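Listed below are the residues making up each chain.
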Amino acid sequence: MQAELQRLVLKEQISEFFAMEADLLDARQFDDWLALLADDISYWMPIARNVASDDERHEFTSEGVDANWMDEGIDTLRQRVAQLATGIHWAEQPPSRTTHMISNLRILSVGPDIADPQTVTTRCRFLLYRNRLETEQDVFVGKRNDTLRREGDEWRIARREIYLDQNVMLAKNISVFF
């Protein structure tokens, strides 16, 4: 019973962490969002491919091998935030209005144990709505796998895998963070 209670408390803490992260992104507080990331973060979004039902292992491009929508580390993410801060980023003038929604949060693993969680691997579903100008609307829907690592008293995102449910990008650009 104690382990179940600890798992529920941990899930609530992680849920609050992701809700706070979404609030930061929606408020365009990108420097504060960067502070949630580990210095060795891997931020990866493969491209989905239409494959035969018996070839599911090739449904998404491979990290570090194939072309991907994103395959970034902390330096690239910091550069993207710095570019947004200039006020002359063509894809973000005027800035996008976004709403990040996270649901179906599951804790997949906890290390070293539930009594002393130092790393947590999660899976969730997301919906990201973006509106720009009068007529530009984009909806990104998919699944996300995150690995969080405790650094001191805070959680940091050490790895993020983003799987879009679309294989053709309908948006004009991907200038948002997931």
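Please refer to the structure placed before this passage.
**Let's talk about the overall build of the protein**
For step 1, the next point in the chain: Each helix and strand counted, the protein has three helices and six strands in total.
For step 2, the next point in the chain: Relative to the compact-globule value of 16 Å for 178 residues, the protein shows a C-alpha radius of gyration of 17 Å, a close match.
For step 3, the next point in the chain: Taking the principal axes of the C-alpha coordinates as reference, the protein spans close to 50 × 45 × 30 Å.
For step 4, the next point in the chain: Taking the average location of the 21 positive side-chain charges in the protein and that of its 31 negative ones, the two points are 3 Å from each other.

**Points about the sheet that holds strand β1 (residues 37-45)**
For step 1, the next point in the chain: If you walk across this open sheet you meet the six strands as β2-β1-β6-β5-β4-β3, and the pairing is mixed. The sheet terminates laterally at β2 (70-72) and β3 (97-113), the two strands that pair on one side only. Averaged over neighbouring strand pairs, the angle between their axes works out to 20 degrees when direction is ignored.
For step 2, the next point in the chain: In the sheet, β1 pairs with strand β6 (residues 154-164) via four bridges, with the strands oriented parallel. When the bridges of β6 are listed, Ser 42 appears paired with Arg 159.

The rules we used
Positions within a chain are numbered from 1, following the residues in the order the chain's sequence is written. Residues qualify for local features only when their pLDDT is at least 70, as the model is predicted, and side-chain atom pairs are given and counted only at 80 or more; totals for whole chains, interfaces and linings, by contrast, use all residues. With hydrogens and water stripped out, all remaining heavy atoms of the structure feed into the side-chain values. Working definition: helices are DSSP H or I runs of at least four residues, strands are E runs of at least two. Numbering for both runs from the N terminus. C-alpha atoms define the radius of gyration, and 2.2 Å times the number of residues to the power 0.38 defines the globule rule. In this tally, Asp and Glu contribute negative charge and Lys and Arg positive charge; neither His nor the terminal groups of the chain are included. For this purpose, a charge sits on NZ of Lys, CZ of Arg, CG of Asp or CD of Glu. Paired strands, in this sense, are two strands between which DSSP finds at least two bridges. Here the axes come from fitting lines to C-alpha atoms, over the contacting stretch only for helices, and the angles between their N-to-C directions go from 0 to 180 degrees.

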